[in-house]
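Secondary and tertiary structure notes
Chain by chain, the residues run as shown.
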Amino acid sequence: MAVMWHYGEPEDGILRVSINCEDRPVNALSRAAMEELRELVEAVKANSQIRGVIFQSAKPGVFIAGADITEFEDLTEYAAAEEVSQFGQSVFAEVEQLGVPAIALISGACLGGGLEFALSCTYRIADDHEKTKLGLPEVQLGLLPGWGGTVRLPRLIGLIEALPLILSGQQLNGYRARSKGLVHEMVPREALVDVGNRVMATHLERGSALSLFRKSKKPGWQRAVENSGLVKKYAINKARREVLKKTHGHYPAPLQILDTVQNGVSAGESQRFRLESNGIAKLAGSPVTRECIRLFFLSENAKKPPQELTATFDAKELKQAAVLGAGAMGAGIALLLARKGIATRLKDIKPEFVARGVQTIRGLLQKDVKRKRLTPRQAEAIFDRISPTVDYRGLKHADIVIEAVLEEIDIKRQVFGELAEATSDETVLATNTSSLLVSDIARDVPHPERVVGLHFFNPPHQMPLVEIIHTPQTSPIALAKAFATVQRLGKTAVVAGDCAGFLVNRLLGPYMNEAGFLLVESANPLAMDKAAVNFGMPMGPLALSDLVGLDVAAHVAENLHTAYGDRMKPAPLWDALKEIRGSERKPKLLAADGKSLNNNVASIVSRLQREAGGSRSAVGEQEIIERLVYPIVNEGARCLAEGIARRSEDVDLAMVFGTGFAPFRGGPMRYAESVGLETVVKSLERMAQTHPHLAPSDSLRAFAHEGSFGSQTAGTHHEPDDVATKRRFAS
């Protein structure tokens, strides 16, 4: 019985192969599938009647999603990883040397090993479907393309074009793939088969079908220059500098990719394949690779309905939605919905507000057209799904309404009261609040069981995470519809209980607050941002405060203090900064060059230090990290104990995807376990001698006693001293 490659007898000399892993939701290249492909190649070579082969997926939205990554989980031995790479290379080499033309008709995801397979075919034709994406994302798993990708892609489109794609894992739609030369043609979805037939017929008639395709716009002299050894050397060295600047050397995969490509510049092709196998074998056992693969599985699992959901709702059944609030966040969410084929009403209270939101949407679409992420026709189709309005008409048929108005409880309660009357009883009412309790917003709604939180992160079209918040009243079907919405949008969902700050802001609060203490205490305040970046954060807490905005950060901090009491009491610095928050239009902690403090902030810091009566001292990098990161772990333990988070993996996923917490460390809870929970507790006890708010929680002590966060079910610990939390959180 066929595993993945299905075919019958050739028709007019053409063998049509249907790619379909029938027992799986996507097509993935397992060892068995690769063995079967080798058998197919041998059968083609043995049958003189076969003059050509056309490959097409039978799964909508997926060509081949890549290798079966589950087979890589335990592949940590050098020799075993090298063998897997060499085996895949040999199979695709046989496809490349098939002896008859092979055409890959690409509709849907064509990633990793899937693209490496397509690169071994004679021709590649992609369609214009929104799910058609081509790329080599192995670097995001801490690996490199190991089945010929580092050899065939540079050979096809040149090293200058190939390097950024391999180093970033960027995924291209059919339009951009054609412009890069990755595919020979991009056609409307309904024309894919007909064009494939025409290409095959032309090749069989003339010996080549290249005359059918547009020629490269690059003049011959430019291609010759790009292929010169000096230019390749310059490109690799420049890429290495950029990689080190971006990753600070924390990630071995992009550096190994550069070594592999650089060593292959002067080598023969067979040696390049050996270098590739050698490179992936070196990476397979890396701790960074293990953590990247773990996060991949966590994110994939987060796209499936949690087992705890007792109701189901098919994401394909979402037809109509509405967004209230046409600001940057509301407009971004409306665009996300429209992109996924959902008719979306965008409402605000004034025509000029709505017009501004519509302009925001059009601007984002125009950028995507300019960058060839969308065709003009696709952009117009998306835009046409947006219906701007200033009233509630038409919401009776909405499956879900997402509120994104001002972060004021009275305004939100008023809006939800109006929504309750304007929508049907089946319409899910979601709030995008970031700091208010969902249950407080739903207080006066006649049917609070249909109210949920959908916390998007800014900007919503770029940030991958959405927190789904349930209250004690939220019904299973409402939660299922909310999850289906996030699923349809292609975002990563983390389900959490209702509490001030939910997961991400609640855990980020202690991190940001501790930065306020350190800024006053440290003789070199900028060392804090440097230490955080060296640890693996995308930016330091000072730069993050400036990015978020001091007013927003202060508002969140006040809400967290109200909810959780003294342990979340803002550092004196944040209160003192009110002086400049009122006098400066957009006050920032750092000067424009980012290399020193804002003069006004520096004056406030000096004054606070004098008032404290102490001298500022050098704070070591390790101590900075412990004071910034361990409070996150401490609060994460409380969230697990209270049942706000279901498992420690949810905390890790939320922090990595929501804040950029060092992915190669696996998230704060994973990092704490690698350090040792007892070590974390002892460090917090030591720091609490001078900073009482850092004292380890009873929850963390209990987890430390057991040795890990994974040995307890969420909600089985209790925090007897945390009265504020008990009063404010909804389990």
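1. Points about the packing of aromatic side chains
Within the structure shown, the criterion is met by twelve aromatic pairs. Here the aromatic rings of Phe 55 and Phe 117 are separated by 5.0 Å at their centres, their planes lie at 90 degrees, and the arrangement is edge-to-face. In this pair, Phe 55 sits in strand 3 (residues 52–57) while Phe 117 sits in helix 3 (residues 113–119), placing the two residues 62 residues apart along the sequence. The same class applies to Phe 55 as to Phe 117, namely buried. Among the aromatic residues, ring-to-ring pairing joins Trp 5, Phe 55, Phe 63, Phe 92, Phe 117 and Trp 147 into one connected group. Geometry around Tyr 392 places Lys 347 over its ring, the cationic atom sitting 4.6 Å from the centre.

2. A closer look at the confidence of the model for the chain
Predicted coordinates in areas of low pLDDT are best not read in detail. Residues at a pLDDT of 70 or more form 96% of the chain, whose mean pLDDT is 91. Predicted confidence for residues 711–731 stays below pLDDT 50, and this span has 54 contacts to residues more than four positions away or in other chains.

3. Focus on the domain arrangement of the chain
Segmenting the chain into domains produces domain 1 (5–285), domain 2 (315–489) and domain 3 (504–716). Between domain 2 and domain 3, the C-alpha centre-to-centre distance is 31 Å. Every contact between the two is made by ten residues of domain 2 and, on the other side, seven residues of domain 3. Regarding the contact of domain 2 and domain 3, the summed buried area is about 720 Å², with carbon and sulfur atoms giving 60% of it. Our enumeration of links across domain 2 and domain 3 arrives at three residue pairs in polar contact (both at pLDDT 80 or more).

4. A word on the pattern of salt bridges
Counted by the stated rule, this structure contains 34 salt bridges. With a closest N to O distance of 2.4 Å, Lys 412 and Glu 403 form a salt bridge. For Glu 403, a relative accessible area of 0% gives the class buried. For the salt bridge of Glu 521 with Arg 627, the shortest nitrogen-to-oxygen distance reads 2.8 Å. Placement of Glu 521 in helix 19 (residues 504–521) and of Arg 627 in helix 26 (residues 621–642) is noted, with a sequence separation of 106 residues between them. Since its relative accessible area comes to 26%, Glu 521 is described here as partly exposed. One network of salt bridges, with partners in common, ties together Arg 506, Arg 567, Glu 635, Arg 638 and Glu 642.

5. Considerations on unusual backbone geometry
Cis peptide bonds are those with omega within 30 degrees of zero, and the linkage from Asn 458 to Pro 459 qualifies with -5 degrees. Locating Pro 459 in the fold gives a position in the loop between strand 16 (451–456) and strand 17 (465–470). In the Ramachandran plot, Lys 372 falls in the positive-phi region, its phi being about 65 degrees despite a non-glycine side chain. On the secondary structure map, Lys 372 appears in the loop between helix 14 (351–370) and helix 15 (376–384).

6. Description of helix 16 (residues 409–422)
The first and last C-alpha atoms of helix 16 sit 20 Å apart over 14 residues, in line with the 20 Å expected at 1.5 Å per residue. When we look at burial in helix 16, the residues that qualify are Lys 412, Arg 413, Val 415, Phe 416, Leu 419, Ala 420 and Ala 422. Its buried side turned inward, helix 16 meets strand 11 (320–324), strand 14 (400–403), strand 15 (428–431), helix 17 (438–441) and strand 16.

7. Regarding the environment of Leu 454
Position of Leu 454 among the secondary structure elements: in strand 16. Taking the C-alpha atoms as reference points, Leu 454 and Ser 179, separated by 275 residues in sequence, lie 37 Å from one another. Aside from chain neighbours lying at most four places away, what touches Leu 454 is Ile 400, Ile 402, Ala 430, Thr 431, Asn 432, Val 466, Glu 467, Ile 468, Ala 482 and Val 486.

8. Section: the sheet that holds strand 16
Read across the open sheet, the eight strands follow the order 13-12-11-14-15-16-17-18; overall the sheet is mixed. Two strands bound the open sheet, and with one partner strand each, they are strand 13 (386–389) and strand 18 (492–497). Neighbour to neighbour, the strand axes of the sheet diverge by 25 degrees on average, direction disregarded. Together, strand 17 and strand 18 form the strand contacts of helix 27 (residues 648–659), whose direction differs from that of strand 18 by roughly 125 degrees.

9. A word on a nonpolar patch on the surface
A surface patch of nonpolar side chains, amounting to about 270 Å² of accessible area, comprises Leu 547, Val 548 and Val 552. Mapped onto the secondary structure, Leu 547 falls in helix 21 (residues 541–548).

10. Regarding the packing of helix 2 (residues 78–96) against helix 11 (residues 269–284)
Closest axis-to-axis distance for the helix 2/helix 11 pair is 8 Å, and the angle between their directions is 140 degrees. As far as their axial angle goes, helix 11 and helix 2 are oblique. Once helix 2 is placed against helix 11, the crossing between them reads as right-handed. For the pair formed by helix 2 and helix 11, the contact residues are Tyr 78, Ala 81, Glu 82, Ser 85, Gln 86 and Gln 89 on the first element and Phe 273, Glu 276, Ser 277, Asn 278, Ile 280, Ala 281, Lys 282 and Ala 284 on the second.

11. Regarding the pairing of strand 15
Burial of strand 15 is two-sided: the residues Val 428 and Ala 430 facing one way and the residues Leu 429 and Thr 431 facing the other way are all buried. Here four bridges tie strand 14 to strand 15, and the two strands are oriented parallel to one another. Paired with Ile 400 across the two strands is Val 428, which belongs to strand 15. Crossover connection from strand 14 via helix 16 to parallel strand 15: handedness right-handed. With three bridges joining them, strand 15 and strand 16 adopt parallel strand pairing. Within strand 16, the residue paired with Ala 430 across the bridge is Val 452.

12. With respect to the environment of Leu 429
Relative to the elements of secondary structure, Leu 429 occurs in strand 15. On the basis of relative accessibility, which here comes to 0%, the residue Leu 429 falls in the buried class. In this structure, Leu 429 is in contact with Val 401, Phe 416, Leu 419, Ala 420, Thr 423, Val 445, Arg 450, Val 451 and Val 452, ignoring residues within four places of it in sequence.

About the cut-offs
- Residues numbered from 1 in each chain as written.
- Predicted model: local features only at pLDDT ≥ 70, side-chain atom pairs only at ≥ 80, totals over all residues.
- Heavy atoms only, no water.
- Phe/Tyr/Trp six-rings, centres within 6.5 Å; stacked < 30°, edge-to-face > 60°.
- Helix = DSSP H or I, 4+ residues; strand = E, 2+ residues; numbered from the N terminus.
- Buried < 20%, exposed > 50% of the residue type's maximum accessible area, 1.4 Å probe, protein only.
- Lys NZ or Arg CZ within 6 Å of the ring centre and 35° of its normal.
- pLDDT = per-residue confidence, 0-100.
- Contact = heavy atoms within 4.5 Å.
- Domains from an automatic or database assignment.
- Buried area = accessible area lost by both parts, 1.4 Å probe.
- Polar contact = N/O pair within 3.5 Å; in protein donor to acceptor, adjacent residues only side chain to side chain.
- Salt bridge = Lys/Arg side-chain N within 4 Å of Asp/Glu carboxyl O.
- Expected span 1.5 Å × (residues − 1).
- Pairing = 2+ DSSP bridges.
- Axes fitted to C-alpha atoms, helices over the stretch in contact; angles between N-to-C directions.
- Patch = residues over 30% accessible without salt bridge, like charges linked within 9 Å, V, L, I, M, F, W, Y side chains within 5 Å.
- Areas by Shrake-Rupley, 256 points an atom, 1.4 Å probe, with all protein chains shown as cover.
- Parallel < 35°, antiparallel > 145°, perpendicular 65-115°, else oblique.
- Left-handed = near helix turned anticlockwise from the far one by under 90°.
- Right-handed = clockwise from strand over helix to strand, strands pointing away.

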